[in-house]
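Residue strings, one per chain:
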Amino acid sequence: MKTLGLIGGMSWESTTLYYQHLNRMARERLGGQHSASLVLLSVDFAPISGMQAAGLWDEATAIMIDAAKRLEGAGAEAVLICANTMHRMADDVASAIGIPLLHVADATAKAINDAGVRRPLLLATRYTMEQGFYRERLRRFDVDAGIPSEPDRARLQAIIYDELTQGLVKLSSREAVVAMVESAVRGEEADGVILGCTELALLVGPDDLPAPVFDTTEIHAKAAMDFALG
């Protein structure tokens, strides 16, 4: 089994899901008392969140590059950035290390294609929804992801940063997200939904939504375990 390096803490609520998924998958595939071989570097999210809000992406990139290099030095054989938004600097991070960076959007696009979905609704932070880095990456795989309306994007941003990253899961927020997806599906604007923020899996899942759901946290972990055991 290869050792995976995780850049976590963004937020630690969803990093916990990565740890659970990876270890569960290792046990399911290998049996017995097997668990994943991991190196975790968990950053302090508050300064990074501030950099995101201020548009200080170069400074945030420097933190991600430093984290990836430290993981490589600690014996990691591939790196995962455990946050969709921080894949904004994925190419810069990949160029700075000598081991693979396993990209969440690549794994997600493959899962979408395998399911025969073509127009998924992307639910994520404003940065992931509105900046080009994520949707353009999906288009490389012929996935044309749509995004919610401006009011819904603002609501999602608040749900993610003011609630989920702080461990708050509210019924009213679940209902709001379900309504967003129901509206897009009813209007034939979407035939699937991407949970494109790693915290969103804490709020909604396949049983809540009227379309195929692509949980990027679980999909990313599965791709990483495929690599580790490949």
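Preceding this paragraph is the structure being described.
Residues numbered from 1 in each chain as written. Predicted model: local features only at pLDDT ≥ 70, side-chain atom pairs only at ≥ 80, totals over all residues. Heavy atoms only, no water.

Trainee: A description of the sheet that holds strand β6 (residues 213–215) should follow, citing residues and the corresponding values.
Mentor: Strand order across the open sheet formed by 3 strands is β4-β5-β6, with parallel pairing between neighbours. The sheet is open, and its two edges are formed by β4 (120–123) and β6, each paired on a single side. Shown here is a sheet whose adjacent strand axes are inclined to one another by a mean of 20 degrees, direction ignored. Direction of pairing for strand β5 (residues 192–195) relative to β6: parallel, over a ladder of 3 bridges. Among the inter-strand pairings, Ile194 is bridged to a residue of β6, identified as Phe214. (Pairing = 2+ DSSP bridges. Helix = DSSP H or I, 4+ residues; strand = E, 2+ residues; numbered from the N terminus. Axes fitted to C-alpha atoms, helices over the stretch in contact; angles between N-to-C directions.)

Trainee: Can you tell me about the packing of aromatic side chains, naming the residues and giving the values?
Mentor: In this structure the tally under the stated criterion is 4 aromatic pairs. The interplanar angle of 80 degrees and the centroid separation of 5.4 Å between the aromatic rings of Trp57 and Tyr127 together place this pair among those described as edge-to-face. With Trp57 in helix α3 (residues 57–73) and Tyr127 in helix α6 (residues 126–130), this pair connects stretches of sequence that are 70 residues apart. Since its relative accessible area comes to 9%, Trp57 is described here as buried. Ring plane angle 85 degrees and centroid distance 6.2 Å describe the contact between Tyr127 and Tyr161, whose orientation is recorded as edge-to-face. Remark: Tyr161 occurs in helix α8 (residues 150–163) and Tyr127 occurs in helix α6; sequence separation between them is 34 residues. (Phe/Tyr/Trp six-rings, centres within 6.5 Å; stacked < 30°, edge-to-face > 60°. Buried < 20%, exposed > 50% of the residue type's maximum accessible area, 1.4 Å probe, protein only.)

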